[in-house]
Amino acid sequence: MDNHFPFFEYQDGELYAENIPVRELAKQYGTPFYIYAASSIRRQFTTFQEALNKVCAKPPLIAYACKANDRLGILKLMNNLGAGVDVVSVGEMKRALAANIPASKIIFSGVGKTERELEEAIEAGIRQINIESEPELKNLAIAAEKLQKDISVSIRFNPDVEAGTHDKISTGRSEDKFGVTAERIIHLYKHAAETKYLNPHGISMHIGSQVADPRYFIPAFERINDLVHQLRAEGLSVTELDLGGGLGITYRDEPEADIEAYAKLIKEMIEPLGCQLSFEPGRYLVGNAGILVTKVIYVKETDVKTHVICDAAMNDLIRPALYEAYHTIHPVIQNGADIRTVDIVGPICESGDTHAKDRPLPLPEEGDYLAIHSAGAYGATMSSYYNARVPACEVLVDGSDHTLINRQESIEQQIAREKTLLS
Ligand code: LLP
């Protein structure tokens, strides 16, 4: 079997997470649970960093988009690698600070930052706030005036381009809620430059996620070039460019985004602008560092289907239900059984709770473990308590070591909390 997930490999028919048999971890931690491979994260980060360092005159800031996976254990690892963080809420900012990420490496993105969030970000002294609209800029000016504290600002550009990805994760088209057109940016930038405490220093951009081919960035990079020249022609100083994230990974057998090709585009199209660059990769750094391990509860045969019913559900990993996302699923122990076409489903009371439809799989037995791959990004962070199910716990593996890095509140704890509210 071709393995696209190098830190999750079979040895003698048994799946390992780095040096540890997944079955042993399953027995210790109980299913369902996530495993993250630290070595995979380090490798992805280094690959990204080295490719970009080679082409950039000044080392860029790699601001990990922690919406992909914001666990402190992961953020600490990122901090040790020298990463910054891109946050989209004050909650994420607090997580980043708790993991000792320096405020000077935190970028705050997002279309709906509240007054309170803007104030907290200014107070924390973060590197930059990416502004996405005129009313938001107005609120930022009020917050900075109130606190009498300077804040650096980038304005998010909406270049009106297709990213060649799923509709729900495309963010750079004119109809999307994100960013501002070039014309409006010039106006906003000037306005910010004239506003006390605001220091507009650059442009940010993020055209979408799971972008498989770096060529999709070309039109956006062309447009950002024009925009920077226009701003400079107006006498405005542009020293920072934040190019967002979006690089795709392998879910099935598609190659992950070619980072060398991406770096080449940066070198040719962006570097001549002479700016300090930052990037916001999320999925590329952590997506394939994670698996979700689940146990088969029942194998249910009907007249038309075989349903493999597992103890992980859409409350643990919502991507297949939300985006019809494909996640590779492998048995933890290769049992030599005949391959059957099955639906791999969870126990939640809706048909959308399906991890895979019509998937060939060596027919498992009740009690067998399955590994759902590519679950390191947008897995645990999008989990919920739907159906009063406690989301999967999370384990970080590093070589032969393993650590529980997150366990969610139990139902008993929730009941106790609600009871105090009612009393
Ligand atoms: N920067 C900004 C401003 C973003 O909005 C995002 C993702 C990123 C960076 C990181 O993108 P990445 O490198 O991870 O592609 N829940 C969806 C993905 C939503 C992405 C939203 N924004 C999924 O499971 O596919």
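Shown above is the structure to which this text applies.
Owing to the predicted nature of the structure, the values given are computational and were not obtained by experimental measurement. Note on numbering: residues in each chain are counted from 1, in written sequence order. This being a predicted model, a pLDDT of at least 70 is required before a residue's local features are given, and a value of 80 or more before pairs of side-chain atoms are given or counted; all residues contribute to the totals for chains, interfaces and linings. Side-chain measures here rest on the full set of heavy atoms in the structure, leaving out hydrogens and waters.

### Some words on the overall build of the protein
Here is step 1 of the chain: Put simply, DSSP marks the helices as runs of H or I at least four residues long and the strands as runs of E at least two long, and each gets a number from the N terminus on. Within the protein one finds twelve helices and 20 strands.
Here is step 2 of the chain: All radius of gyration figures rest on C-alpha atoms, and the globule criterion is 2.2 Å times the number of residues raised to 0.38. Radius of gyration (C-alpha) of the protein: 23 Å, near the 22 Å computed for a compact globule of 423 residues.
Here is step 3 of the chain: Taken along the three principal axes of its C-alpha coordinates, the protein extends 70 × 60 × 40 Å.
Here is step 4 of the chain: Using a 1.4 Å probe on the protein chains alone, a residue whose accessible area is under 20% of its type maximum counts as buried, one over 50% counts as exposed, and one in between counts as partly exposed. When burial is assessed residue by residue, the protein has 56% of its 423 residues classed as buried.

### Focus: the site of the ligand
Here is step 1 of the chain: Within the structure, the ligand sits among 18 residues, and S209, E280, R319, Y323 and Y378 are positioned closest to it.
Here is step 2 of the chain: G282 places a main-chain nitrogen or oxygen 2.9 Å from an oxygen atom of the ligand.
Here is step 3 of the chain: All accessible-area figures derive from a Shrake-Rupley calculation using a 1.4 Å probe, and residue coverage is judged against the displayed protein chains alone. About the coverage of the ligand: the protein hides 92% of its 590 Å² of free accessible area.
Here is step 4 of the chain: In terms of residue class, the shell around the ligand is built from six nonpolar, six polar and six charged. Consider each residue's heavy atoms; a residue with any of them within 4 Å of a molecule or strand counts as near. Distance and chemistry together define a polar contact, namely a pair of N or O atoms within 3.5 Å, with one atom able to donate a hydrogen and the other to accept it when in protein, and with adjacent residues in sequence counting only for side-chain atoms on both sides. When residues are sorted by character, Ala, Val, Leu, Ile, Met, Phe, Trp, Tyr, Cys and Pro go into the nonpolar class, Asp, Glu, Lys and Arg into the charged class, and all the rest, Gly among them, into the polar class.

### A few points about the environment of M382
Here is step 1 of the chain: Tracing the sequence through the fold places M382 in the loop between strand 18 (369-372) and strand 19 (393-398).
Here is step 2 of the chain: For the pair M382 and Y10, spaced 372 residues apart in sequence, the C-alpha to C-alpha distance is 29 Å.
Here is step 3 of the chain: Residue contacts are counted whenever heavy atoms from the two residues lie within 4.5 Å of one another. Residue contacts for M382: discarding those within four places in its chain leaves I318, L322 and Y323.

### A word on the nonpolar core
Here is step 1 of the chain: In this text, buried Ala, Val, Leu, Ile, Met, Phe, Trp, Tyr and Cys residues form a nonpolar core when linked through side-chain atoms within 4.5 Å. In terms of nonpolar packing, the biggest core is built from 104 residues, with F48, L52, I129, F221, L241, Y262 and I266 touching the most fellow members.
Here is step 2 of the chain: Residues A26, A37, I291 and V395 belong to the second largest nonpolar core, which totals 21 residues.

### Brief notes about unusual backbone geometry
Here is step 1 of the chain: Each neighbour pair has its own omega, and for T31 with P32 the value is -10°, a cis peptide bond.
Here is step 2 of the chain: Despite not being glycine, D12 has its phi angle at roughly 50°, a positive value.
Here is step 3 of the chain: Inspection of the secondary structure puts D12 in the loop between strand 1 (8-11) and strand 2 (14-17).
Here is step 4 of the chain: Overall, the relative accessible area of 85% leaves D12 in the exposed class.
Here is step 5 of the chain: Residues other than glycine seldom take positive phi values, yet N387 does so here, at roughly 65°.
Here is step 6 of the chain: You can see N387 is positioned in the loop between strand 18 and strand 19.
Here is step 7 of the chain: A residue is classified by how much of its surface remains accessible, and N387, at 33% relative accessible area, is partly exposed.

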